[in-house]
Amino acid sequence: MPAAAQPRRTRLVRALAAAGTGVAVLALPLIGATSASAATGTTTTAATTTAGYANNLDGWIRESLAIMAEKHIPGTYNGIYRNIIRESSGNPNAINLWDSNAAKGIPSKGLLQVIDPTFNAYHVAGTSFNIYDPVANITAACNYAAARYGSIDNVFGAY
């Protein structure tokens, strides 16, 4: 029977069989995407912070640096970024539940893994009082690092 006369389903099955698993892998996301389309748009995050910075790691660091400049807290983008990646891999909701601080009931939290007493002591006016707020966490941690080490740039390990 010529291809044009074959039922559509038969041609699709033969095409998938002939192409191998590569097409099946490509087809799966398409099938899943159509069944989940009703959920699209139910949870979105703002593209920018209230201060106008990108609502991502780059924007959080830049917003913190602007606040730090106003408050004369030393630190550079590279120093902050290096420490964030080591401490939390860029996850603002990171929490350490296994180290000595956690054993004392005060786990390290946020991008720069700050404990509550340190966050409270080094909180910078004008930022959130939520330890998981990325900008507040970065700015407080940098304020602490400045007091203890001269700058976040001088921190190359757990602090």
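Values in this document were obtained by computation on a predicted structure and should not be read as measured data.

## Quick notes on the nonpolar core
- Counting 23 residues, the largest nonpolar core has Ile80, Ile84, Ile138 and Cys142 as its most contacted members.
- Of all the secondary-structure elements, those providing two or more residues to this core are helix H3 (57–71), helix H4 (77–88) and helix H7 (134–149).
- If one sorts the elements of this core by residue count, H7 sits on top with 7 residues.
- The residues contacting isoleucine 84, other than those within four sequence positions of it, are Leu57, Ile61, Ser89, Gly90, Leu111, Leu112 and Ile138.

## Looking at the side chain of asparagine 137
- Its place among the elements puts asparagine 137 in helix H7.
- Look at asparagine 137 and you get buried, because its relative accessible area is 0%.
- At 3.4 Å, the side chain of asparagine 137 forms a polar contact with the backbone nitrogen of leucine 111.
- When near neighbours in sequence (up to four residues on either side) are disregarded, asparagine 137 contacts Lys109, Gly110, Leu111, Leu112, Gln113, Val114, Phe119 and Ile131.

## So, unusual backbone geometry
- The residue serine 89 is not glycine, and still its phi comes out positive at about 60 degrees.
- On the secondary structure map, serine 89 appears in the loop between H4 and strand S1 (95–96).
- Phi at glutamine 113 takes a positive value of approximately 50 degrees, unusual for a residue other than glycine.
- On the secondary structure map, glutamine 113 appears in the loop between strand S2 (108–109) and helix H6 (116–122).

What counts, and where the lines are drawn
- Within each chain, residues carry numbers counting from 1 in the order of the written sequence.
- Two thresholds apply to this predicted model, a pLDDT of at least 70 for residue-level local features and 80 or more for giving and counting side-chain atom pairs, whereas whole-chain, interface and lining totals are computed over all residues.
- With hydrogens and water excluded, all non-hydrogen atoms of the structure serve as input to the side-chain values.
- Among buried residues, the Ala, Val, Leu, Ile, Met, Phe, Trp, Tyr and Cys ones that are joined through side-chain atoms within 4.5 Å form a nonpolar core.
- Buried, partly exposed and exposed residues are distinguished by accessible area as a fraction of the type maximum, computed with a 1.4 Å probe on protein chains only: under 20%, between the cut-offs, and over 50%, respectively.
- Runs of E in the DSSP output that reach at least two residues are strands. Runs of H or I that reach at least four are helices, and both are numbered from the N terminus.
- It only takes one pair of heavy atoms within 4.5 Å for two residues to be counted as in contact.
- We define a polar contact as two N or O atoms separated by no more than 3.5 Å, with the added condition that, inside protein, one atom must be a possible hydrogen donor and the other a possible acceptor, whereas residues neighbouring each other in sequence contribute only through side-chain atom pairs.

Don't take any of this as a statement about function, it's just geometry.
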